[in-house]
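Listed below are the residues making up each chain.
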Amino acid sequence: MGDTKLARRPGNTLEKWEVAIVKAMLSRNYVPQDIQAYFSRPTRSINNARISEIKDGTKHKAIKPASDDELDTFLDSWPNIDPATGLHLQGDELLVKAREAMIAAVHTFNSAGLYFRTELFIVTAIIAWTYLMHAYYKREGIDYRHKKGGVVERTPSGAEKYWELSQCITTGACPLQSGIVNNLKFLVEIRNEIEHRSTNRIDDALSAKLQACCINFNDAIKDLFGRQFALEKRLPIALQFVTFDGVQRQSLIATDLPAHIATTMDNFHSALSEDEQKDPKFRFRVAFVPKLSGKASKSDLAVEFIKPGSPEAEAVERVLLKEVERPKFLPGEIVAKVKAAGHAGFNMYDHTKLSQQLDARKPGKGYGVKVANTWYWYESWLEKVLEKLNEAWTRPTKV
C-alpha cells in the first residue's frame, strides 16, 4: 500500500526556494537536463517540462532568482540527501524531522537511569506525529494553517500558525484509523496533564499505549509515504534487566499513580467502547514468557511472535497477569462498607455532606469517575472517608 501511495504522490513539482535556485542556474547557462539531475531524487523525480516552464516564463514569474550566495550554498551542499532513505534534508524536512523525533522518543524511553521516561517520550512522540501529519497534508495540498475569517493566523513574531496534533487528527482529511486517533487523543490528554506538573511512576501504567504509539507511527509512515521510511531497522529490540516474575511484576505496577493522571485515564477509558479499548492500535500489549527450546537453532531466539488463536497463544493466555480495572462503588455501597467498618451511624446524608466538604468529585483528586452519567467512587475515597471518621472519633473533646 505504501508503494501505491508513493506512486500517486504529486512529487514532480518544485517548491518556491527550488524555483529560485533553478532560475539562478539558468542564468549561469546550466542546461535543463543538468538542472533536472540536481532536483530528482528517490522520493521525487522532476521532468524536463517543469524546468522548461520556468525557463520560458509560463509559470512562476513572480519568484525571483536566488542570489549568487544562495546558489553557491545549494551547489556546495548538494546532494544533501540521507543515503539510507533518499530523503532530502531540506525538501523533505518535515518527514526527516518526524522520523528523527520518533527515534529520539524511543531512544529516550529505552535509556537506563531516567526517572521521567514516559513524560519525555509522550512530548517527543507528539512532535513526531505532528510533523508526520504536516508532511502528509503538505504533500496532498491540504492547507494546515490556522485561519480566522479566512485570514491566516500568526504568532506574535509574525510566523504562520500551523495545526497542532489535535487539529491534525480531528479534521475530516485525517488518513489515520480510529484506533490510532484514539491512542493519540489519549496521549495528548496525558501530555496536557504532565506539561506543567511533576508525575511519578506512570511508566508501567501507560506502556501499552506507548508501544501502540510506536507501532502505529511505523505503520503510518510506511502506509502514507513508503516502506523505505520504516524505523524497525533503526531501532532494534531493547534488552531488559527484569525477569518479570510475579513479585517483580507486582512491584512494577504503579499503585500510586498521581490522582490527576488516574482521573484522566479513567475518564478517557470510560468514553470508549469495549471494542475501542481492545483495539491494539489504541493500546498494544505483549507477554514476555521465559522459553526453553529443544532445538539448538532456536535456543537463542529471545522474542518470538505467536499467531493469535493458536495453541501456543492459548498457553500464553493462561500465564498472563491480567490488567485489572480499579474497583468502583456506588454511594450506597460506600455507606454500607463504612457501616461494616464500625461506623453504624453513618448514612447517605453524612456521605453526601462529607463529599461536598472535601470537594471530592473535583477532577484531579482521583476519588471517583463518572461513567454513563453515573458517579462511581474508588477505594481511595472509602479510605478517605474512614480516615476522616477515625479522626473525628479520636479527636479530644473540648471541656
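Residues numbered from 1 in each chain as written. Predicted model: local features only at pLDDT ≥ 70, side-chain atom pairs only at ≥ 80, totals over all residues. Heavy atoms only, no water.

- Under an unreviewed UniProt entry, the protein has the name DUF3644 domain-containing protein and belongs to Aminobacter carboxidus.

### Thoughts on empty space enclosed by the protein
For step 1, the next point in the chain: Tallied over the full model, the rule gives one cavity of 30 Å³ or more.
For step 2, the next point in the chain: In this model, the largest cavity occupies a volume close to 30 Å³.
For step 3, the next point in the chain: Lining the largest cavity are Phe-74, Ser-77, Trp-78, Pro-79, Asn-80, His-88 and Gln-90.
For step 4, the next point in the chain: Looking at the lining of the largest cavity, its residues break down into three nonpolar, four polar and no charged. (1 Å grid on protein atoms, 1.4 Å probe; cavity = no way out; pocket = protein on both sides within 12 Å on 5 of 7 lines; lining within 4 Å. Points joined across faces, edges and corners; volume = space filled by probe spheres on them. Nonpolar A, V, L, I, M, F, W, Y, C, P; charged D, E, K, R; others polar.)

### Side note on the pattern of salt bridges
For step 1, the next point in the chain: Overall, the coordinates contain 12 salt bridges when judged by the stated rule.
For step 2, the next point in the chain: Note that Glu-15 is salt-bridged to Lys-138, the shortest N-O span being 3.3 Å. Of this pair, Glu-15 sits in the loop between α1 (2-7) and α2 (16-27) while Lys-138 sits in helix α7 (residues 117-139), placing them 123 residues apart in sequence.
For step 3, the next point in the chain: Between Lys-97 and Glu-93 there is a salt bridge whose closest N-O contact spans 3.0 Å. Note that Lys-97 and Glu-93 are positioned in helix α6 (residues 93-110) at a spacing of four residues, about one turn of the helix.
For step 4, the next point in the chain: Residues joined by salt bridges that share partners form a network here, namely Asp-143, Arg-145, Lys-147, Arg-154 and Glu-160. (Salt bridge = Lys/Arg side-chain N within 4 Å of Asp/Glu carboxyl O. Helix = DSSP H or I, 4+ residues; strand = E, 2+ residues; numbered from the N terminus.)

### A closer look at the nonpolar core
As a rule of thumb, nonpolar side chains are buried together in soluble globular proteins.
For step 1, the next point in the chain: Counting residues in each nonpolar core, the largest one holds 52 residues, and the members touching the most others are Met-102, Phe-121, Trp-129, Leu-132 and Leu-176.
For step 2, the next point in the chain: No other element matches α7, which puts 11 residues into this core.
For step 3, the next point in the chain: Ignoring any residue separated from it by four or fewer positions in sequence, one finds Leu-132 in contact with Leu-95, Ala-98, Phe-217, Ala-220, Ile-221 and Phe-225.
For step 4, the next point in the chain: By size, the runner-up hydrophobic cluster in this structure holds 17 residues, among which are Ile-21, Met-25, Leu-26 and Phe-74. (Core = buried A, V, L, I, M, F, W, Y, C linked by side-chain atoms within 4.5 Å. Buried < 20%, exposed > 50% of the residue type's maximum accessible area, 1.4 Å probe, protein only. Contact = heavy atoms within 4.5 Å.)

### Notes on the packing of α2 against helix α4 (residues 48-56)
A pair of packed helices can be characterised by two numbers: the angle between their axes and the separation between those axes.
For step 1, the next point in the chain: Two elements in contact, α2 and α4, have axes whose closest approach is 10 Å; the angle formed by their N-to-C orientations is 70°. Considering the angle they form, α2 stands roughly perpendicular to α4. Both α2 and α4 take part in a crossing whose hand is right-handed. Here Val-19, Val-22, Lys-23 and Leu-26 of α2 come into contact with α4, specifically with Ile-51, Ile-54 and Lys-55. (Axes fitted to C-alpha atoms, helices over the stretch in contact; angles between N-to-C directions. Parallel < 35°, antiparallel > 145°, perpendicular 65-115°, else oblique. Left-handed = near helix turned anticlockwise from the far one by under 90°.)

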